[in-house]
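Listed here are the chains, written in short residue letters.
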Amino acid sequence: QVQLVESGGGLVQAGGSLRLSCAASGSIFSINDMRWYRQAPGKQRELVAAVSSGGFTNYADSVKGRFAITMINANNTVFLQMNGLKPEDTAVYYCNADAVAWGRRVDSWGQGTQVTVSS
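**Points about the packing of aromatic side chains**
And then number 1: Counting across every chain of the model gives one aromatic pair.
And then number 2: Between Tyr37 and Trp109, the ring centres sit 5.0 Å apart and the planes meet at 50 degrees, which makes this aromatic pair tilted. One end of the pair, Tyr37, is in strand S4 (residues 28-39); the other, Trp109, is in strand S10 (residues 104-109), with 72 residues separating them in the sequence.
And then number 3: For Tyr37, a relative accessible area of 17% translates into the label buried.
And then number 4: Residue class for Trp109 comes out partly exposed when judged on its relative accessible area of 35%.

**Considerations on the pairing of strand S9 (residues 91-101)**
And then number 1: Along S9, nine of the eleven residues are buried, which leaves the element largely enclosed by surrounding structure.
And then number 2: Alignment of S4 against S9, held across ten bridges, turns out to be antiparallel. If you follow Met34 over to S9, its bridge partner there is Ala97.
And then number 3: Pairing of S9 with strand S11 (residues 113-118) involves three bridges; the strand directions are antiparallel. Across the sheet, residue Tyr93 finds its bridge partner in S11, namely Thr113.
And then number 4: In terms of strand pairing, S9 meets S10 through six bridges, oriented antiparallel. In the sheet register, Ala101 faces S10, and the bridge partner there is Arg104.

**Some words on the pattern of salt bridges**
Close approach of charged atoms allows side chains with opposite charge to pair.
And then number 1: A full pass over the atoms with the stated rule returns six salt bridges.
And then number 2: With a closest N to O distance of 2.6 Å, Arg38 and Glu46 form a salt bridge.
And then number 3: Through salt bridges with shared partners, a single ionic network connects Arg38, Glu46, Arg66 and Asp89.

About the thresholds
- Residues numbered from 1 in each chain as written.
- Predicted model: local features only at pLDDT ≥ 70, side-chain atom pairs only at ≥ 80, totals over all residues.
- Heavy atoms only, no water.
- Phe/Tyr/Trp six-rings, centres within 6.5 Å; stacked < 30°, edge-to-face > 60°.
- Helix = DSSP H or I, 4+ residues; strand = E, 2+ residues; numbered from the N terminus.
- Buried < 20%, exposed > 50% of the residue type's maximum accessible area, 1.4 Å probe, protein only.
- Pairing = 2+ DSSP bridges.
- Salt bridge = Lys/Arg side-chain N within 4 Å of Asp/Glu carboxyl O.

Below is the structure:
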């Protein structure tokens, strides 16, 4: 199994910054990619950013130029640096990992961390 533990959420004023962290642990052989999703009240969960083990990144149009995702392969940790936060960024942010453990592909989710941006 693969466990994901997130941290770094909180309350911030519009224009501020937060940095989310997600550490993967367990019987991990390799990680293909890690992603951050978010879900606001009454809305569907959406992909925010993704990073592959090779360093390729992908962002939602709404966060391009403001958010940056990085992954430290050595300790299976992914970060989401969020700058220029807007009230519409308010949501629960979830970490997701596509990994290989015990010879099989595993899709794992963290418990979520709340990000609240006040206007």
